[in-house]
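Each chain, letter by letter, is given below.
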Amino acid sequence: MRRAKQRTLFFLALLLALAWAGWTQAQNETPYYQSTDFNIPILAGWQNQSAEGVAQFYNPSAQATIRTTMAAGRDAQSAAAADLAGWLGLTGLDAPVYSGKVNLADGTWHSLVYDIDAGQSVSVMARQAGDRFIVITFLESDPASRTRMLTIAQADDTLDTPEPEIDSALQQLTQLRLDDLAAVGTSALPGGDWLVFQGESALAAGSVFGNDSYIALQEGAPGDLRALADAWQGTLLGFFITPDNSPYLWLGIAVSLLILAALAGSFVWRARALQKDLAMIEQLQSADSN
Amino acid sequence: MTQRRIHASLAASPQPRLLRALTILATLGFASTLVLGLFVAGTDIQQGPVQRIFYIHMPAFFGAFTAFGATVLGGLIYLWRGSEAWDRIALAGVEVGLAFALINLLTGAIWARPIWNTWWTWDPRLTSAAVMCLTYAAYLMLRAGIENPQRRRRLMSVYGIFAFVSVLLTLFIIRIVPDTIHPVIVGASPQNAQGSFEATSGVVLALLPSLLLWLTLMPITLMWHRYRLALRQEAVDALKLKLLGG
Amino acid sequence: MKSPFAAAVRAIVSKDLRAEWRSRELVSAMALFALLSVLVFSFALELDKNAREEAISGVLWVSLIFASLLGFNRSLSLEHDQGSLDALLLTPVSRSAIFLGKLLGNFMFTLLVALVLLPLMTALYGVQLLDSWALLTTIVGVFGFSAIGTLLATLAVQTRSREALLPIALLPVCLPFLLTAVRATKGIVSGAPQSEWQVWLQLLAAITIIYLVLCLLLYRFVLEE
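To start, this report covers the structure provided alongside it. Counting restarts for each chain, with residues numbered from 1 along the sequence as it is written. A letter from A marks each chain and a number from 1 marks each ligand, given out in the order of writing. Given that the model is predicted, a residue must reach a pLDDT of at least 70 before its local features are reported, and side-chain atom pairs must reach 80 or more before they are shown or counted; all residues, however, enter totals for whole chains, interfaces and linings. Calculation of side-chain values draws on the structure's entire complement of heavy atoms; hydrogens and water are dropped beforehand.

### Looking at the interface of chain B and chain A
Then comes step 1: Each partner contributes residues to the interface: chain B has 56 residues there, and chain A has 41 residues.
Then comes step 2: When two components associate, each loses some accessible surface as probed by a 1.4 Å sphere; the sum of these losses over both components is called the buried area. Contact between chain B and chain A buries roughly 4500 Å² in total, counting both sides, with carbon and sulfur atoms accounting for 77%.
Then comes step 3: Three residues, Ile45, Leu229 and Leu243 of chain B, lead the burial of chain B against chain A; their summed loss comes to 14% of the area buried on that side.
Then comes step 4: Basic side-chain nitrogens of Lys or Arg form a salt bridge, by our definition, when they fall within 4 Å of a carboxyl oxygen of Asp or Glu. Its salt-bridge partner being lysine 240 of chain B, residue aspartate 277 of chain A comes within 3.0 Å of it at the nearest N-O pair.
Then comes step 5: Elements with a contribution of two residues or more to the side of chain B that touches chain A: helix H1 (2-11), helix H2 (17-40), helix H4 (84-116) and helix H7 (201-245) of chain B.
Then comes step 6: For the side of chain B that touches chain A, the class distribution of residues is 35 nonpolar, 13 polar and eight charged. Any pair of residues with heavy atoms lying within 4.5 Å of one another is described as a contacting pair. Each helix is a run of DSSP H or I of at least 4 residues and each strand a run of E of at least 2, with the numbering of both proceeding from the N terminus. Lys, Arg, Asp and Glu make up the charged group, whereas Ala, Val, Leu, Ile, Met, Phe, Trp, Tyr, Cys and Pro make up the nonpolar group; the residues left over, Gly among them, are polar.

### Quick notes on the pattern of salt bridges
Then comes step 1: One pass over the structure, following the stated rule, counts 18 salt bridges over all chains.
Then comes step 2: The salt bridge involving glutamate 95 of chain B is made with arginine 226 of chain B; its shortest N-O contact spans 2.8 Å. Separated by 131 residues along the polypeptide, glutamate 95 of chain B in helix H4 and arginine 226 of chain B in helix H7 bring together distant segments of the chain. Both residues of the pair, glutamate 95 of chain B and arginine 226 of chain B, count as buried.
Then comes step 3: For the salt bridge of glutamate 147 of chain B with arginine 160 of chain C, the shortest nitrogen-to-oxygen distance reads 2.6 Å. Here the residue glutamate 147 of chain B occupies a position in the loop between helix H5 (124-144) and helix H6 (149-176), and arginine 160 of chain C occupies one in the loop between helix H6 (132-156) and helix H7 (162-173), the pair thus bridging two chains.
Then comes step 4: Only protein chains enter the accessibility calculation, which uses a 1.4 Å probe. A residue is then buried if its area is under 20% of the maximum for its type, exposed if over 50%, and partly exposed in between. Exposure remark for glutamate 147 of chain B: the relative accessible area of 57% places this residue in the exposed category.
Then comes step 5: Because the salt bridges share partners, they merge into one network encompassing Glu84, Asp87, Arg88, Arg143, Arg153 and Glu234 of chain B.

### Thoughts on the arrangement of the chains
Then comes step 1: For the two pairs of chains in contact, the largest share of contacts goes to chains A and B.
Then comes step 2: The two units chain A and chain C remain apart, with a minimum C-alpha distance of 23 Å.

### Details of the packing of aromatic side chains
Then comes step 1: In this analysis, rings of Phe, Tyr and Trp, with Trp reduced to its six-membered ring, are considered paired at centre separations within 6.5 Å, and the interplanar angle assigns stacked below 30 degrees, edge-to-face beyond 60, and tilted for intermediate values. By the definition in use, this model includes 20 aromatic pairs over all chains.
Then comes step 2: Seen from their ring centres, phenylalanine 99 of chain C and tyrosine 219 of chain C are 4.8 Å apart, and the 45 degrees between their planes marks the pair as tilted. One end of the pair, phenylalanine 99 of chain C, is in helix H5 (residues 95-125); the other, tyrosine 219 of chain C, is in helix H9 (residues 194-222), and 120 residues separate them in sequence. Across the pair, exposure class does not vary: phenylalanine 99 of chain C and tyrosine 219 of chain C are buried alike.
Then comes step 3: Ring pairs connect the aromatic residues Tyr33, Phe38, Trp109 and Phe239 of chain A, which therefore count as one cluster.
Then comes step 4: Definition used: whenever NZ (Lys) or CZ (Arg) falls within 6 Å of the ring centre and also within 35 degrees of the ring normal, the charge is taken to sit over that ring. Directly above the aromatic system of tryptophan 80 of chain B lies the positively charged group of arginine 81 of chain B, at a separation of 4.4 Å from the ring centroid.

Right, here's the structure in full:
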């Protein structure tokens, strides 16, 4: 009786320990937007405008939107165009002002930048997933400034500075060079260290992660570029698709059931064999007594 | 006269009602924890569906723990009291525990394939879990190698006690040897643990019934069936001996 | 050394030592086997300078355990075949004394092999195994697995296919010794600070004590009655 009580107490303690472990772990979870298609971090301090299949966050002070969705298309550009048409009603999009490819851990991403009117640009990262494309879009709609986000593979991946890529992005998209800007310093943000350069009417920030440089360029009235760049990079790096490995799950369950069945089957089989032995013994005994 | 004795010793014992009830309860419990783990618990967004193997993988180890623990207890009491019943319990514990340990090991390998990208790695905990299986396989081999029943019970009680070291080693090795990639679910994982996931309240809710079932109902029911088989085996052996002896 | 317990232990140990001194069969076979396995390992693992420091303590302990298997088997199958243990059992000698007697004999033989192996491996591989801490680890570890080895050898000789079953029974059970002793020796050999490997030596000592107590308590059940 005493032992039974101790056992119950032990189990209760175990229960409590597990529940406590679960609760504490739940406290420091990163909030994620989850769907069957993809998972993406929810940006803290941004307005959550997400809907089914579309993760969308809006920053009112910077008038910036980061949006993630899946779109159909022949290639990354047509998928991005399809999403922009559906979202902003943009048709007849010009060719992108910047287009490049980067190989990240989960596949090849296309980095695209479109200038949609005199003051606004859209930056897109797109990657094929199945028969559709994942399209992650950055839009900053403050007419006073134009912000573009690019991801560029490092020309020399032994360097841990994004300066060469900032320079080439500036040359491709503006009339500036890196020499025209003055280094402001380094900002340590949650996602990494950002190198910031400032010119008369331009701001550039860059950060190296892996073998790629994440670049943010802003022209016109300067805003909080660093915060935007960090949110964008955090979104890109935090993005992932839940893998479909259910065949392994079913295999594991099948194997478990098989072993249990083999154990139970061996009990039955051995009991039957004993029964046969017994019948034989009885037969022998009756033969003896005759 | 002899006929009647045979029936009294063997065929006479239909399954006790309690055992029948336990069997049904364990089967239903197993089915419902499976449903809970497969359909009610949420999908782990990092690992995908395969993480649900956890609801069998870890409870199976603890089921083996219960069964092997019964072997130790049975061995100790047999050595102390000399009652054969406890030796049957010890043997039942080894067979049931070995099946559970195999489930633990194989589900672990199947889980590792998509998450660690390999079926097997010589990680301290995996190695010691494999050694645990081999230890109890050795128990069964040793047991089969001893002919005298009295001696067999005595020696195997002793070995069953020592074999439990491998169970404890598997349980505690990740606390002793930190260079393991196997995650710890309760408490902090080692730094290089890979494929750990967050034990959210959903996970805990689906895990607990499964854990309780594997800790108690499943091993007890299966061991009881094995116990009855041992009882039959002994009775038939005794009859055979008598027949041969004339 | 006047109590009947100590006298019995001493009698058994001296009997084993005298028999071994006369034939010199066991220790030389064990030492030769250990040496061969060290050589085989160094060929199989292609031990270069760097690999040596990593692998040498593992090679040492695995060779020692394999060699000791030979000794345990032989020591107890002799007793079993000659019926000398049966004779001892008829006398009012404590079972623990018989265990300690056999254990000390086995321990000394295995330690002797270790004492041959340590300087030899030091010379062959250029690692510093002749260290007082390494020696202490060796003594504790060899004592520990000799204890469980003596018990399991007594058990195994009573089975049908005796020699074959001892390694199967012993290797999994002496894994804790292997694990801790290898880590301690590795730490000592690589010249790591004491605080890093001390815990392994302490664990090894703790395991040895636990096994020794268990063996002392359970040995009487393993002996034939």
